[in-house]
Amino acid sequence: MIERRKIALLCALLPLAAVLSAQPYERIERRNFWNAGVNAAGLRMDSVTVSYAELYGRGMQGEFRDTYQAREAWSAGAVAKTIAHRERYSMAGSFSFDHTSGREMCGSMFIRPGFYPVDVLEFTPGRKDLQTYSFTGGIAVDAAPRWRLGGKMEFLAANCAKRKDLRHTNYRLEMKVAPGVMYHKGRTALGLAYVFVKNSESIRAEEVGSTVGTYYAFLDKGLMYGAYEDWEGSGVHLKESGVDGFPVKETMHGISVQVQQDGLYVDAEYLRSVGSAGEKQTVWFEFPAHRVSSHVGYRFRRGEVWHYLRAEFSWSRQVNDENVLGRETAGGVTVTRVYGSNRIFQRRLLRVNPEYEAVFPKGEVRLGAEVSSLRRLATQMFPYGTLQTMTLYRGYVCGERRVGRFDLKGYAAFASSSRTERKLEAATETEPGDPPYRLTEYLDWQDEYLSASRVSIGVGVRYRFLQGVYAELGTAFVHGFGLRFIGGANRWAEMLKVGYVF
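Residues numbered from 1 in each chain as written. Predicted model: local features only at pLDDT ≥ 70, side-chain atom pairs only at ≥ 80, totals over all residues. Heavy atoms only, no water.

Hey, could you run me through the environment of Leu-238 in this one?
Mapped onto the fold, Leu-238 is located in the loop between strand S9 (226–230) and strand S10 (246–261). The exposure class of Leu-238 is buried, given its relative accessible area of 3%. Sequence-wise, Leu-238 and Met-182 are 56 residues apart; in three dimensions their C-alpha atoms are separated by 47 Å. What Leu-238 contacts, discounting residues up to four positions off in sequence, is Met-109, Val-120, Ile-203, Ala-205, Ala-217, Trp-231, Gly-245 and Phe-246. (Helix = DSSP H or I, 4+ residues; strand = E, 2+ residues; numbered from the N terminus. Buried < 20%, exposed > 50% of the residue type's maximum accessible area, 1.4 Å probe, protein only. Contact = heavy atoms within 4.5 Å.)

This is the structure we're talking about:
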């Protein structure tokens with residue numbers, strides 16, 4: 001997917017998640033390279049059964065944040081995961097629930113800001129509550145001496161509510177289905193899988209009671225160019241006749257191939273997506289996309305140490321066309337017609353992430369780098385255009401050491417970037433009109449959060465009781481450099497877990 005949070009790489013929860021991974025489950029899951037892809041038939045390439053269940057709570061605070069994040073927020077939830085192997089079949093599954101609450105929140109009204117090429121912003125700070133439910137399931141079966149069949153499904157449902165001033169409620173659904181097949185002989189395995197993905201989200205805004213004030217909203221059509229007006233105005237589409245809120249959806253179809261020879265694994269996946277904003281005959285935006293991704297892995301053993309080399313590559317390109325709509329009435333029936341469309345936005349994301357991991361009898365260490373290049377072109381109004389290119393760089397190292405009943409964990413990372421932006425103006429024989437409106441205050445804040453250099457550190461400790469029960473505590477800190485528009489340079493996060501490995 002193309003989304004802003006994928007290239008930020010930088011929120012406080014990243015180092016926190018890294019140091020507080022659910023060992024040994026995460027280690028068992030990572031060592032089988034097939035688990036990084038979509039073909040569940042690859043579950044049979046390993047034989048270790050492991051499961052865990054845990055409860056957690058975490059807090060986040062600090063001014064170094066994106067426009068839609070809260071200064072202070074807390075979360076609580078539960079998660080359970082398993083990988084199980086039997087004589088002729090293997091299974092994997094997970095379930096999780098998370099409740100997150102933050103105060104004085106505004107900005108993007110979406111649950112996943114930046115996921116779609118359009119966004120809606122509001123400007124009255126208030127409390128938001130987000131609940132997320134998800135489950136995954138996969139099974140692999142030995143269908144014949146050299147053939148395996150597999151299937152995987154992922155499902156996520158989320159709802160968000162803001163209960164102040166310009167209130168809004170959001171509902172989001174995500175689903176992924178991937179049936180697959182594998183042929184294996186000796187140390188060679190070949191796999192093929194079909195991939196179907198569907199996601200949708202709907203924003204329903206309302207103003208409760210009477211007020212002397214006017215609540216405004218902004219429809220971001222790319223690089224913070226768009227419409228700023230009363231939330232009931234026709235330009236932001238939050239309250240339009242015949243449309244229930246602001247609905248957005250996307251459907252993808254694709255294929256994935258996998259190859260493994262001894263310790264070497266390679267996969268490649270292609271997805272073609274079609275997305276739209278609006279419903280029925282009233283479709284304001286249409287945004288198709290192409291996505292390509294690949295994983296490469298190699299593992300070998302030297303004495304008691306297992307070495308893993310991994311590389312992840314992803315590329316995506318998406319365009320957004322705004323439809324010109326009109327309503328016609330004939331015979332007493334009013335229909336909405338599309339008279340044409342304008343290409344108002346394009347974006348392209350390239351990401352490369354090599355990584356090395358060494359697993360010792362009493363610990364492990366991982367180090368890697370990541371480069372993400374994001375190119376965005378906004379052409380909302382002829383003859384004006386804006387081209388922005390942003391490249392982000394990150395290096396990180398994390399590790400774990402077992403000492404008696406304690407697991408000591410640490411994480412450190414540094415990220416920096418380069419960014420350029422230039423105006424484009426096509427030649428025209430007539431005097432061009434005024435350029436489109438741009439919400440520069442939020443643009444400066446958002447771009448600075450994405451591109452500012454920063455250092456991230458995290459530490460954690462887990463105590464292992466008898467019979468697989470554990471308790472874990474961790475903290476993380478992020479500091480940004482050279483800030484001009486963000487209100488502070490620091491952000492902290494803390495997490496407490498109790499769980500059971502079995």
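Next comes the rest of the description.
When you look at the layout of surface pockets in this model, what are you seeing that I'm missing?
Sizing a probe to match a water molecule and rolling it over the atoms shows the empty space that remains. Reported here for the largest pocket is a volume of approximately 230 Å³. Looking at the largest pocket, it is lined by 14 residues, and the ones nearest its centre are Arg-419, Asp-447, Glu-448, Ser-451 and Phe-485. Of all the secondary structure elements, the ones that give two or more residues to the lining of the largest pocket are strand S18 (406–425) and helix H4 (440–451). The element best represented in the lining of the largest pocket is H4, accounting for 5 residues. A per-class count over the lining of the largest pocket returns 4 nonpolar, 4 polar and 6 charged. (1 Å grid on protein atoms, 1.4 Å probe; cavity = no way out; pocket = protein on both sides within 12 Å on 5 of 7 lines; lining within 4 Å. Points joined across faces, edges and corners; volume = space filled by probe spheres on them. Nonpolar A, V, L, I, M, F, W, Y, C, P; charged D, E, K, R; others polar.)

Explain the side chain of Ser-202 here, please?
Tracing the backbone shows Ser-202 in strand S7 (residues 188–207). If sequence neighbours within four positions are ignored, Ser-202 has contacts with Thr-169, Asn-170, Tyr-171, Asp-244, Phe-246 and Pro-247.

Teacher, can you tell me more about unusual backbone geometry here?
Excluding glycine, a negative phi dihedral is what most residues carry, and trans is how most peptide bonds are arranged. The step from Phe-382 to Pro-383 runs through a cis peptide bond, and the omega angle for that step is 10°. When you line up the elements, Pro-383 lands in the loop between strand S16 (363–378) and strand S17 (384–403). Although it is not a glycine, Gln-467 sits at a positive phi angle of roughly 65°. Take Gln-467: it is sitting in the loop between strand S19 (454–464) and strand S20 (469–480).

Explain H4 to me, please; I cannot follow it from the model alone.
The terminal C-alpha atoms of H4, which comprises 12 residues, lie 16 Å apart, in line with the 16 Å expected from a rise of 1.5 Å per residue. Among the 12 residues of H4, 9 are classified as buried, and the element is accordingly described as predominantly covered. Within the span of H4, buried status applies to Tyr-442, Leu-443, Trp-445, Gln-446, Asp-447, Glu-448, Tyr-449, Leu-450 and Ser-451. (Expected span 1.5 Å × (residues − 1).)

Would you take a moment to explain the nonpolar core for this structure?
For soluble globular proteins, nonpolar side chains are generally found buried alongside one another. Core analysis: the largest hydrophobic core is formed by 28 residues, its most contacted members being Leu-238, Phe-246 and Phe-285. Within the residue set of this core, elements represented by two or more residues are S7, strand S8 (216–220), S10, strand S12 (282–286) and strand S15 (333–360). Discounting residues that sit within four places of it in the chain, Phe-285 has contacts with Val-118, Leu-219, Lys-221, His-237, Gly-275, Ser-276, Ala-277, Asn-320, Asp-321, Glu-322 and Ile-344. Listed in part, the 8 residues of the second largest apolar core include Phe-33, Met-182, Ala-189 and Tyr-308. (Core = buried A, V, L, I, M, F, W, Y, C linked by side-chain atoms within 4.5 Å.)

Help me understand a nonpolar patch on the surface in this model?
On the surface, Leu-192, Ile-255, Val-257, Tyr-270, Val-292, Phe-313, Leu-350 and Val-352 cluster together into a nonpolar patch covering about 600 Å² of accessible area. Those elements giving two or more residues to the nonpolar patch turn out to be S10 and S15. With respect to the element layout, Phe-313 can be found in strand S14 (residues 305–330). On the basis of relative accessible area, Phe-313 is assigned to the partly exposed category, the value being 33%. (Patch = residues over 30% accessible without salt bridge, like charges linked within 9 Å, V, L, I, M, F, W, Y side chains within 5 Å. Areas by Shrake-Rupley, 256 points an atom, 1.4 Å probe, with all protein chains shown as cover. Salt bridge = Lys/Arg side-chain N within 4 Å of Asp/Glu carboxyl O.)

What is the right way to look at the packing of aromatic side chains in this model?
Between two aromatic rings, the relevant description is the distance of the centres plus the angle of the planes. Overall, the coordinates contain 25 aromatic pairs when judged by the stated rule. Relative to Tyr-116, the ring of Phe-110 lies with its centre 5.9 Å away and its plane at 55°, an arrangement referred to as tilted. Using a relative accessible area of 3% as the deciding quantity, one classes Tyr-116 as buried. Ring-pair connections join several aromatic residues into one group, and the members of that group are Phe-123, Tyr-216, Phe-218, Tyr-228, Tyr-437, Tyr-442 and Trp-445. Above the ring of Trp-306, the side-chain terminus of Arg-299 is found at 5.3 Å from the ring centroid. The aromatic ring of Tyr-449 is capped on one face by Arg-454, whose charged end is 5.1 Å from the ring centroid. (Phe/Tyr/Trp six-rings, centres within 6.5 Å; stacked < 30°, edge-to-face > 60°. Lys NZ or Arg CZ within 6 Å of the ring centre and 35° of its normal.)

Just checking my understanding: could you explain the pairing of S7 for this structure?
Put simply, side chains in a regular strand alternate between the two faces of the sheet. Both strand S6 (residues 166–185) and S7 contribute to a ladder of 18 bridges, which runs antiparallel. Following the sheet pairing, Asn-170 is matched in S7 by Ile-203. Counting the residues between successive antiparallel strands, the hairpin from S6 to S7 contains 2 residues, one of them, Gly-186, with a positive phi of roughly 60°. Across 16 bridges, the pairing between S7 and S10 is antiparallel. Counterpart to Ala-193 in the pairing with S10 is Ser-256. (Pairing = 2+ DSSP bridges.)

Honestly, the pattern of salt bridges in this entry has me stumped. Any pointers?
Oppositely charged side chains may form a pair once their charged atoms are brought near each other. If you walk through the whole model with that rule in mind, you get 36 salt bridges. In this structure, the salt-bridge partner of Lys-409 is Glu-472, at a minimum N-O distance of 3.4 Å. One end of the pair, Lys-409, is in strand S18; the other, Glu-472, is in strand S20, with 63 residues separating them in the sequence. Glu-472 carries the same exposure label as Lys-409, and that label is buried. Close ionic contact of Arg-419 with Asp-447 constitutes a salt bridge, the shortest N to O distance being 3.5 Å. Placement of the pair is Arg-419 in strand S18 and Asp-447 in helix H4, with a sequence separation of 28 residues. By sharing partners, the salt bridges in this structure join Arg-27, Arg-30, Arg-310, Glu-355, Glu-357, Glu-364, Arg-366 and Glu-400 into a single network.

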